[in-house]
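Take a look at the letters that make up each chain.
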Amino acid sequence: MSRAMCMTWRHSSRLFSCCPLPFTSPLLLAPSHFHYIIPDIIVSHHHSHLLSSFTQNPSSQSSIMESSPPHHQQNESNGTHNISKKSKPMLISESDLRFEFSHHDPSIARINNGSFGSCPASVTAAQHHWQLLFLRQPDHFYFNRLQPAILRSRTLIKDLVNADHVDEISLVDNATTAAAIVLQQIAWAFTEGRFQRGDAVVMLHYAYGAVKKSIHAYVCRAGGQVIEVPLPFPVNSNEEIVDEFRRALMRGKANSGRVRLAVIDHITSMPSVLIPVKELVKICREEGVDQVFVDAAHGIGCTDVDMKEIGADFYTSNLHKWFFCPPSVAFLYCRKTPETSPELHHPVVSHEYGNGLAIESGWIGTRDYSAQLVVSDAIEFTNRFEGGIEGIKKRNHDGVVEMGKMLASAWGTNLGTPQEMCASLIMVGLPVSLGISSDSDAMKLRKHLRENFGVEVPIYYRHPKDGEVNPITGYARISYQVYNTIDDYYKFRDAVNQLVSDGFTCALFPK
Amino acid sequence: MDSDRGENGDSSHNHVSKKPKLSAFISEEEIRQEFSHHQRGIARINNGSFGSCPASIIAAQKEWQLRFLQQPDDFYFNHLRKGLLESRTVVKGLINADSVDEVSLIDNATTAAAIVLQQIGRAFAQGKFQKGDVVVMLHCAFQSVKKSIQAYVTGAGGSVIEVQLPFPLTSKEEIVSEFRKGLEKGKSDGRHVRLAIIDHITSMPCVVVPVEELVKICRQEGVDQVFVDAAHAIGSVPVDVKEIGADFYVSNLHKWFFCPPSVAFLYCRKSPLSSEVHHPVVSHEFGNGLAIESSWIGTRDYSSQLVVPSVLEFVNRFEGGIEGIMMRNHEIVVKMGEMLAKSWGTNLGAPPEMCASMIMVGLPSRLFISSEEDAMRLRSYLRQHHGIEVPLHYQAPSDVEGGPKDKDGLVTGYARISHQVYNSFDDYCKFRDAINQLVEQRRSCKMLFME
């Protein structure tokens, strides 16, 4: 094992010294600069021992399998570089990075990290280790391994997001589940008469479709009313959003109604805009809104996520979108207050019912919890990059802005937001000649780009306002993540240019 | 991957038939290979709690997972729903449901309980049911189901009646008569019994309940809805949902049907109730029927739900397919149970015809199991010091008759042993000898220490 690692280190260092890693500029990632190292040497140094352990050697099997998952053993490995336990690990090389995402379909320009995220090979390998532990001896896993591992993940997240107590952090499948949890509690309050019929829940018009349905299912069914905050798009400044939000709160409070809950996206999905949540939360407090729930599906690993700064009562973010975890895992933060916090429950009730949401969520029947157990491995992965997750966020942001401007310039269009109102996603206007005139057109164009040009990118249809001349009605939501290269965006640029020069319009799609 | 399954599509659409096999059945060695990831040195006789999954299914699952990671958008738009529909169609065939719309895939029986009981809770909240209307369940219902009732029924104003399951027992009539009594109680004072929750195979203590008969009684007595919690059923007893006749029927596929953790099906008989049940996690498909709602509840790993067709292939490598497996599991677990009871001088908890692939075997009274804690302590001891994984049940002596006795006293502890295709005779010998050793050494539960 150590020999393989020595070779890995030597190769990385050679690469590192001859091709200085351009981590300050996201652009110099054109594949031609780097050659691929023969894969069997490139075995991720954390996990080479894992691969060898899958041979049927009884004596090694129990010792390896019973040992802690890989990340605990990292500090024992050395290679030619004496990495003391205190010093930072070697920065990831370009070829290591390629290996980590070598499972991505190479024929696709993958610029939709926002929808489903991405997961590096080393984290997947760590996940497999946990899955195998369960299959090997599930009772032992259940009684002795699972809960401490979940607690470890929750503790790491607590530190990442600056929460006060680990009790405030629950792990759930995804933001959709978190929304169900928060809204279920609101529904109960209506049913039990603590909220009155007609009390309002305020949400953004661009709230995620699933969350909207959840709000309607839980709130309207129980007698509450829903107020949507219209948001301008394209948007030019935070003030536009703040103004609309204030107005919506006023509507909710009209006729001495109460606004019981505000659901605020940290980064809206479609169209994607970075919302000034801290300011909106402050306004909610000033205006006497009972509870504030921030839906930050795109949050951690993408923008700054500080629970105390933001000050919401509930905050959820997916870790599989921008934090390199496998599908799927999210955290739901529930602020602990001296006053009685509303009682939240996981909708799937199991043995732990009544022991607090975090504990309830730690066991909701037999299932695969492994995605929740590799948070430490994801953190370790981010620490192989210069600046860790902060460095990644910054470079992603700079990269996506640069690529967005490049595309808008090439197509003669505009960006949907100013660059300070985006994180690692940006909306780029598509040429008017494409004739995107409905949601259906947007979906078909997206499919066309996937199937005929090998570009994966979500397209948004923007309904034009009355009186607009030659409006841009289609926007692409491009993303930038560590595995992207400039070629991905050139491919997209060229595909659209070709469509335009071919005279293509969405009217040509069969009905 | 089963890429030709899509084109042929035949095996998943027919009622499950035993295809004539040209090649030999799976060999002993192949079975060992399929379960070689099980920890060596452990006598694994608790298939009931967490199930088991063969290596070829794990491999099939990984293919699905990889497909998602490779190009998740393509997976979501072009492969996921088709794959789920195939799985649901296989299940429909296995359980003799009328329509695939009646079959939803969810994580586990616990989730199914939440779905059914949330619907009941809403009915109370909306005034469709009156406060005090009754939900009837077995007293030994699974703990998570009991808590679900607490959360969704009692909280909403419903009341609960628990039917005592006699144990040990000698015939199904004992269960039927207790159940009738429970329904009578539920209907007293002009109340309605809105829901009966009946286990097909109870967890602890483990017996096969005569569900068809109980459902018939429910219909005769005007119970609104019947929910059968059959967590252990599929792959363990034949399941015909039309014969059983319940409104809701759930079974885990990862316990006895070789699926990876975790996947279960919830059958909802087509009725006006169908539009009232919803998945608790509301997503884009809300309102399109439970089966469609369940097929997308946000981004997550659906791979365990996608390998059901592969499992059908796996079980068909055995003689008699899943029916053959069920029959052999039953025969052997009864034989092993009788062997242990004879060796220890104890009794079985239920007659063989009330068992499927698990059986309750009395533990020697000399172990002095006198509480749940004692049973847990002994279980942990067996795991740590003898490499035996087996769940143990404490059965308090009944006031009236006391209970079965061995030569030294009252039998108050039972082991729930299981048999699945990977088990060997040695597993049970190991257990037999460990208990005999404890008895010889005159060690009772309270004397056992954990590390």
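In this numbering scheme, every chain counts its residues from 1 along its sequence in written order. Lettering of chains starts at A and numbering of ligands starts at 1, both following the order in which they are written. Local features in this predicted model are restricted to residues of pLDDT 70 or higher, and side-chain atom pairs are both shown and tallied only at a pLDDT of 80 or more, whereas totals for entire chains, interfaces and linings draw on every residue. The side-chain values count all of the structure's non-hydrogen atoms but skip hydrogen atoms and water molecules.

(A) Quick peek at helix α16 (residues 388–411) of chain A. Numbering goes from the N terminus for both helices and strands, where a helix is a DSSP run of H or I of at least four residues and a strand is a run of E of at least two. Expected helix span is given by 1.5 Å per residue-to-residue step, counting one fewer step than there are residues. Its 24 residues place the ends of α16 of chain A 34 Å apart at the C-alpha level, agreeing with the 34 Å of an ideal helix rising 1.5 Å per residue. Phi turns positive one or two residues past the end of α16 of chain A, at Gly-412 of chain A, with a value near 70°.

(B) Molecular detail of the interface of chain A and chain B. Taken together, the contact pairs 62 residues of chain A with 61 residues of chain B. Basic side-chain nitrogens of Lys or Arg form a salt bridge, by our definition, when they fall within 4 Å of a carboxyl oxygen of Asp or Glu. Where chain A meets chain B, there are 4 salt bridges. Between Asp-139 of chain A and Arg-379 of chain B there is a salt bridge whose closest N-O contact spans 2.8 Å. Counting of polar contacts relies on pairs of N or O atoms within 3.5 Å, with two restrictions inside protein: one atom must be capable of donating a hydrogen and the other of accepting it, and residues adjacent in sequence are counted only when both atoms are side-chain atoms. Summed over the shared surface of chain A and chain B, the result is 26 residue pairs in polar contact (both at pLDDT 80 or more). For the side of chain A that touches chain B, the secondary-structure elements that each account for two or more residues are α3 (58–66), α5 (113–116), α6 (121–136), α7 (138–161), α8 (175–191), α9 (209–220) and α17 (439–453) of chain A. Per-element accounting of the side of chain A that touches chain B gives the leading share, 7 residues, to α6 of chain A. In this classification, Asp, Glu, Lys and Arg are treated as charged, Ala, Val, Leu, Ile, Met, Phe, Trp, Tyr, Cys and Pro as nonpolar, and every other residue, Gly included, as polar. Per-class residue counts for the side of chain A that touches chain B are 24 nonpolar, 25 polar and 13 charged. When checking whether two residues touch, look at their non-hydrogen atoms; a contact exists if any pair is within 4.5 Å.

(C) Highlighting the pairing of strand β7 (residues 314–318) of chain A. Residue and element names in this part refer to chain A. Here the term buried applies to any residue with accessible area under 20% of the maximum for its type, exposed to any over 50%, and partly exposed to those in between, with areas from a 1.4 Å probe on protein chains only. In terms of burial, β7 is largely enclosed, as 5 of its 5 residues are buried. Of the two faces of β7, both are covered, the one formed by Phe-314, Thr-316 and Asn-318 as well as the one formed by Tyr-315 and Ser-317. In this structure, strand β6 (residues 291–295) lies alongside β7, joined through 3 bridges in parallel fashion. Pairing of Asp-295 across the sheet is with Thr-316, part of β7. Inspection of the sheet shows β7 paired to strand β8 (residues 330–334) by 5 bridges, in the antiparallel sense. Paired with Tyr-315 across the two strands is Tyr-333, which belongs to β8. In this description, strands pair whenever DSSP reports at least two bridges between them.

(D) Up close: the environment of Ala-410 of chain A. Residues and elements named next belong to chain A. Mapped onto the fold, Ala-410 is located in helix α16. Separated by 80 residues in sequence, Ala-410 and Tyr-490 have C-alpha atoms that sit 9.9 Å apart. In this view, Ala-410 contacts Arg-493 and Asn-497; residues no more than four positions away in its chain are not counted.

(E) Representation of the packing of helix α5 (residues 55–70) of chain B against helix α6 (residues 72–95) of chain B. Residues and elements named next belong to chain B. Working convention: axes come from line fits to C-alpha atoms, limited for helices to the stretch in contact. Angles between N-to-C directions cover 0 to 180 degrees. Contact geometry for α5 and α6: axes closest at 7 Å, N-to-C directions at 145°. Only Pro-72, Phe-75, His-79 and Gly-83 of α6 make contact with α5, whose side of the interface consists of Trp-64, Arg-67, Phe-68, Leu-69 and Gln-70. Its residues assigned to classes, the contact of α5 with α6 shows 5 nonpolar, 3 polar and 1 charged.

(F) Looking closely at the packing of aromatic side chains. Centre distance within 6.5 Å is the pairing criterion for rings of Phe, Tyr and Trp, where only the six-membered ring of Trp is used; planes under 30 degrees apart are then read as stacked, over 60 as edge-to-face, and the remainder as tilted. For the structure on display, the rule yields 35 aromatic pairs over all chains. A centroid spacing of 5.5 Å and a plane angle of 45° characterise the contact between Phe-116 of chain A and Tyr-76 of chain B, whose relative ring orientation is tilted. Of this pair, Phe-116 of chain A sits in helix α5 while Tyr-76 of chain B sits in helix α6, each in a different chain. On the basis of relative accessible area, Phe-116 of chain A is assigned to the buried category, the value being 8%. Grouped by ring-pair contacts, the aromatic residues Phe-116 of chain A together with Trp-64, Phe-68, Phe-75, Tyr-76, Phe-77, Trp-296 and Tyr-302 of chain B constitute a single cluster. Over the aromatic face of Tyr-483 of chain A sits the side chain of Arg-110 of chain A, whose NZ or CZ is 5.9 Å from the ring centroid. A ring is scored as having a charge over it whenever the NZ atom of a lysine or the CZ atom of an arginine sits within 6 Å of its centre and within 35 degrees of its normal. In this structure, Arg-67 of chain B is placed above the aromatic ring of Trp-64 of chain B, and the distance from its NZ or CZ to the ring centre is 5.6 Å.

Keep in mind that these numbers describe shape and distance, not what the molecule does.
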